[in-house]
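Fold and geometry: a report
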Amino acid sequence: MVSKALLRLVSAINRRRMKLLLVIAVVAYVASVWGNLVNMRSIQENGELKIESKIEEIVEPLREKIRDLEKSFTQKYPPVKFLSEKDRKRILITGGAGFVGSHLTDKLMMDGHEVTVVDNFFTGRKRNVEHWIGHENFELINHDVVEPLYIEGLAKRVGARLLLASTSEVYGDSFLVVGLSTVGQALYHAPEGVEVRVARIFNTFGPRMHMNDGRVVSNFILQALQGEPLTVYGSGSQTRAFQYVSDLVNGLVALMNSNVSSPVNLGNPEEHTILEFAQLIKNLVGSGSEIQFLSEAQDDPQKRKPDIKKAKLMLGWEPVTSHSVFGHQD
Ligand SMILES: O=c1ccn([C@@H]2O[C@H](COP(=O)(O)OP(=O)(O)O[C@H]3OC[C@@H](O)[C@H](O)[C@H]3O)[C@@H](O)[C@H]2O)c(=O)[nH]1
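Residues numbered from 1 in each chain as written. Predicted model: local features only at pLDDT ≥ 70, side-chain atom pairs only at ≥ 80, totals over all residues. Heavy atoms only, no water.

- In the annotation of an unreviewed UniProt entry, the entry for the protein reads UDP-glucuronic acid decarboxylase 1, and the organism field reads Chrysochloris asiatica.
- Regarding the protein, the UniProt comment filed under Function (unreviewed entry) reads as follows: "Catalyzes the NAD-dependent decarboxylation of UDP-glucuronic acid to UDP-xylose. Necessary for the biosynthesis of the core tetrasaccharide in glycosaminoglycan biosynthesis."
- According to the UniProt record, the Pathway (unreviewed entry) comment for the protein reads "Nucleotide-sugar biosynthesis; UDP-alpha-D-xylose biosynthesis; UDP-alpha-D-xylose from UDP-alpha-D-glucuronate: step 1/1." (UniProt positions renumbered as here; feature names shortened; annotations may be inferred.)

1. A closer look at the overall build of the protein
- Each helix and strand in the protein was counted, giving seven helices and 13 strands.
- Residues classed as buried in the protein amount to 34% of the 330 residues present.
- In the protein, of all internal contacts separated by at least 6 residues, the share reaching a separation of at least 24 is 77%. (Helix = DSSP H or I, 4+ residues; strand = E, 2+ residues; numbered from the N terminus. Buried < 20%, exposed > 50% of the residue type's maximum accessible area, 1.4 Å probe, protein only. Contact = heavy atoms within 4.5 Å.)

2. Examining helix 4 (residues 216-226)
- Within the span of helix 4, buried status applies to Val217, Ser218, Asn219, Phe220, Ile221, Gln223 and Ala224.
- At its buried positions, helix 4 is contacted by strand 7 (204-205), strand 8 (230-233) and helix 6 (274-285).
- Gly227 sits one or two positions beyond helix 4 and adopts a positive phi of about 70 degrees.

3. Description of unusual backbone geometry
- The backbone of Phe121 shows a phi angle near 60 degrees, a positive value even though the residue is not glycine.
- Here Phe121 lies in the loop between strand 2 (114-119) and strand 3 (138-142).
- For Asp299, which is not glycine, the phi dihedral falls at a positive 50 degrees.
- Classification of Asp299 by relative accessible area gives exposed; the value is 76%.

4. Some details on the packing of aromatic side chains
- Evaluation of the coordinates by the stated rule reveals two aromatic pairs.
- In this arrangement the basic side chain of Lys126 is found over the ring face of Phe121, its NZ or CZ atom lying 5.3 Å from the centre. (Phe/Tyr/Trp six-rings, centres within 6.5 Å; stacked < 30°, edge-to-face > 60°. Lys NZ or Arg CZ within 6 Å of the ring centre and 35° of its normal.)

5. Describing the packing of helix 4 against helix 6
- The N-to-C vectors of helix 4 and helix 6 enclose an angle of 40 degrees; their axes lie 9 Å apart at closest approach. Classed by the angle they form, the pair helix 4 and helix 6 counts as oblique. Both helix 4 and helix 6 take part in a crossing whose hand is right-handed. Packed against helix 4, whose contacting residues are Val216, Val217, Phe220, Ile221, Ala224 and Leu225, the element helix 6 presents Ile274, Phe277, Ala278, Ile281 and Val285 at the interface. (Axes fitted to C-alpha atoms, helices over the stretch in contact; angles between N-to-C directions. Parallel < 35°, antiparallel > 145°, perpendicular 65-115°, else oblique. Left-handed = near helix turned anticlockwise from the far one by under 90°.)

6. Some words on the side chain of His135
- Tracing the chain through its elements places His135 in the loop between strand 2 and strand 3.
- For His135, the side chain forms a polar contact with the main-chain nitrogen of Asn137, separated by 2.9 Å.
- Beyond its immediate sequence surroundings of up to four residues, His135 is in contact with Tyr77, Val80 and Met109. (Polar contact = N/O pair within 3.5 Å; in protein donor to acceptor, adjacent residues only side chain to side chain.)

7. Brief notes about the packing of helix 2 (residues 99-110) against helix 5 (residues 245-256)
- Following both chains from N to C, one finds helix 2 and helix 5 inclined at 65 degrees, their axes separated by 9 Å at the closest point. Our pair here, helix 2 against helix 5, has a crossing hand that is right-handed. Contacts from Phe99, Val100, His103, Leu104, Lys107 and Leu108 of helix 2 reach helix 5 at Val245, Leu248, Val249, Asn250, Leu252, Val253 and Met256.
- Tallied by class, the residues present in the contact of helix 2 with helix 5 amount to ten nonpolar, two polar and one charged. (Nonpolar A, V, L, I, M, F, W, Y, C, P; charged D, E, K, R; others polar.)

8. Side note on the sheet that holds strand 3
- The strand order across the open sheet formed by three strands is 1-2-3, and the pairing between neighbours is parallel. The sheet is open, and its two edges are formed by strand 1 (90-94) and strand 3, each paired on a single side. Adjacent strand axes in the sheet meet at a mean angle of 15 degrees, parallel and antiparallel pairs treated alike. (Pairing = 2+ DSSP bridges.)

Put into structure tokens, the structure is as follows:
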């Protein structure tokens, strides 16, 4: 009896224990599943955070670039005067990205006009006019002026005046008319009904001059800087007179605004021998280069000095920059 009662008691206790153990096991299982879930979520959240910070790492420099680009869109252009519609002109410059053309572009833009530059970038350089790109008064067209541009037809239709940049070489052989680019040279006949101004441009120097054009100023500067001999063709006694490009540009604008339809010389009459120029450039650069005499160039004019009486009288223009600016920077 006693033993039966004892057995029942033990099994009752065991059942209770079993129940308790079962409850504990279930609770432990639920707790562990819950823990795992929480853990997984935090790993997931952690992962998401890591991905987010990775994306941020990549995106931030891009944002920085966009900010820089935005800044460059609102870039400062050189100062431009305001001109009323009546005074503002629309000006097309062929070869406007070249040495002289780009300086003329600068002057006309700063004076408040609307300028369209046409250039094939053969000798012109985009960087010569890049500081105007995006300006509302400026347009840049890539076009080879050897292809017809029908400038005369356009000039006639809109009643525009045509400025022709001719060369002082006309005093040599033929009458050459050049645009402000070295290509597109052609014998020229002004069309009926189009007002034409003709500038005879003498030797010019200044910033943006083409370093490898083989002309004397660029040759001597390059040679002096590289410590190579300065190559003087012939005895060096031939003379030239060089004008600074800003003087030329002022002369071109004065001519364009004048009523002078015959050719006008634009140059600086300050005349020197080529040997003197070699010495001057050598000293300005502070170069130890020698001066080397080579054989004389073919058909080389022995003297060239502009007579600028007409420009002085009819345009009220004369150069104001002397050769001492040879070392001048843009
Ligand atoms: O390395 C050189 C280069 C040139 N020279 C001499 O320097 C003088 C000037 O020569 P450049 O070539 O610079 O210029 P040029 O005066 O001969 O003609 C230049 O300017 C006028 C424009 O009309 C011409 O189209 C252009 O070529 C010449 O006597 C030439 O023989 C040198 O002694 N050494």
